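# Report on the structure
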Amino acid sequence: MTTMGNADFTVEHAVTVYTKPDCVQCDATKRALNKHDIPFIEINLSDNMEVLDRLKAAGWMRAPIVETADGETWSGFRPDRIRDLASPKASWASSAEWSRSPAPSRHSAPAL
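Everything quoted here is computed from the prediction, not taken from an experiment.

Rules of the game
- Throughout this document, residue positions are counted from 1 along each chain, in the order its sequence is written.
- Thresholds applied to this predicted model are a pLDDT of at least 70 for local features of residues and 80 or more for the giving and counting of side-chain atom pairs; totals over whole chains, interfaces and linings are not thresholded and use all residues.
- Only hydrogens and water are set aside; all other atoms, that is, all heavy atoms of the structure, feed into the side-chain values.
- Here a helix means four or more residues in a row that DSSP labels H or I, a strand means two or more in a row labelled E, and each is numbered from the N terminus.
- Three labels apply to residues, based on accessible area from a 1.4 Å probe with only protein chains included: buried if under 20% of the type maximum, exposed if over 50%, partly exposed otherwise in between.
- Residues belong to a common nonpolar core when they are buried Ala, Val, Leu, Ile, Met, Phe, Trp, Tyr or Cys residues joined through side-chain atoms within 4.5 Å.
- The contact rule is simple, with two residues in contact once any of their heavy atoms fall within 4.5 Å.
- Starting at the helix axis, one direction is taken to each C-beta atom, and the arc is that of these directions.
- Only strands that DSSP links by at least two bridges are regarded as paired with each other.
- Orienting the strands away from the viewer, one traces the path from the first strand over the helix to the second; a clockwise path indicates a right-handed crossover.

### Here we look at the environment of Leu 55
- Tracing the backbone shows Leu 55 in helix α2 (residues 49–57).
- On the basis of relative accessible area, Leu 55 is assigned to the buried category, the value being 1%.
- Spatially, the C-alpha atom of Leu 55 lies 9.4 Å from that of Tyr 18, the residues being 37 residues apart in sequence.

This is the structure we're talking about:
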């Protein structure tokens, strides 16, 4: 099931957003994805300890963590990355490209 805005529908999701409650950057990421009509699923890390443990073991330490269908991953609110996903040039099937660069923000992201 993919969530976009308030509508639920079944499609192959393009983006997975791992979130925590009361996370300003998580909310901003979801709003930006909705604004650009990018379908996503949200996984609340507070309800999924196995996923949380897997992400921590991989070195991810702050929410949100965003994974795209083509394997690109980042953490924090990254409007530049979201705009890139929304651009007509975005390729959902390109090779994996991983990034762990900190997100530029005035608000610190919650630790995982």
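### Section: the nonpolar core
- Core analysis: the biggest nonpolar cluster contains eleven residues, these being Ala 14, Val 15, Val 17, Ala 32, Leu 33, Ile 38, Phe 40, Val 66, Trp 74, Ile 82 and Leu 85.
- Secondary structure elements with two or more residues in this core: β3 (15–19), α1 (24–35) and α3 (79–86).
- Residue contacts for Ala 32: discarding those within four places in its chain leaves Phe 77 and Ile 82.

### Remarks on α3
- All buried positions along α3 are accounted for by Arg 81, Ile 82 and Leu 85. End-on view of α3: buried residues confined to an arc of 100°, all on one side of the axis.
- If you follow the buried residues of α3, they end up packed against β3, α1, β5 (65–68) and β6 (73–75).

### A look at the pairing of β3
- In terms of burial, β3 is largely enclosed, as five of its five residues are buried.
- Every second residue of β3 is oriented toward a common face, with Val 15, Val 17 and Thr 19 on one face and Thr 16 and Tyr 18 on the other, all of them buried.
- Here β3 runs beside strand β4 (residues 40–44); their pairing, made up of five bridges, is parallel. The residue bridging Thr 19 from the neighbouring strand is Asn 44, located in β4.
- After leaving β3, the chain enters α1 and then returns to the sheet as β4, a path that is right-handed.
- Bridge analysis of β3 against β5 gives four bridges, and the strand direction is antiparallel. Across the sheet, the residue bridging to Val 17 is Val 66, located in β5.

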